[in-house]
Amino acid sequence: MNTLLIIAGVVAVVLLLVGGFSQAVSWLLWVGVVLLIVAAIGWLLSFMSGHRSHGV
């Protein structure tokens, strides 16, 4: 689960950068924000539930 959250976070950051650099694909900015929020919520749920598996 942690690997999936890391991948979602990286994709969100990349989409935020691409969306910020190009007006033509500004919708990517919103996709990046949504993915970043989903990754943050998933990380918080994992952190609060007490699962500390850091496997890759």
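Our subject in this report is the structure included herewith. (Residues numbered from 1 in each chain as written. Predicted model: local features only at pLDDT ≥ 70, side-chain atom pairs only at ≥ 80, totals over all residues. Heavy atoms only, no water.)

Side note on the overall build of the chain
As a reminder of what qualifies: What counts as a helix is a DSSP run of H or I of at least four residues, what counts as a strand is a run of E of at least two, and both are numbered from the N terminus. When accessible area is computed with a 1.4 Å probe and restricted to protein chains, residues below 20% of their type maximum are described as buried, those above 50% as exposed, and intermediate ones as partly exposed. Any two residues having at least one pair of non-hydrogen atoms within 4.5 Å are treated as being in contact. Reported accessibility uses the Shrake-Rupley method at a 1.4 Å probe radius. Residues are deemed covered only where the shown protein chains occlude them.
Of the regular secondary structure elements, the chain holds 2 helices and 0 strands. Counting the 56 residues in the chain, one finds 21% classified as buried. Long-range contacts, defined as pairs at least 24 residues apart, comprise 43% of the intrachain contacts of the chain with a sequence gap of at least 6. Total accessible area computed for the chain in this model is approximately 4,300 Å², and 80% of it derives from carbon and sulfur atoms.

Structural notes on a nonpolar patch on the surface
Convention followed: Each patch is built from salt-bridge-free residues with over 30% relative accessible area, joining like charges within 9 Å and nonpolar side chains (Val, Leu, Ile, Met, Phe, Trp, Tyr) within 5 Å. A side-chain nitrogen of Lys or Arg and a carboxyl oxygen of Asp or Glu constitute a salt bridge if their distance falls within 4 Å.
Together, Leu29, Trp30, Val33, Ile37, Ile41 and Leu45 give the surface a local cluster of nonpolar side chains, amounting to about 590 Å² of exposed area. On the basis of relative accessibility, which here comes to 46%, the residue Ile37 falls in the partly exposed class.

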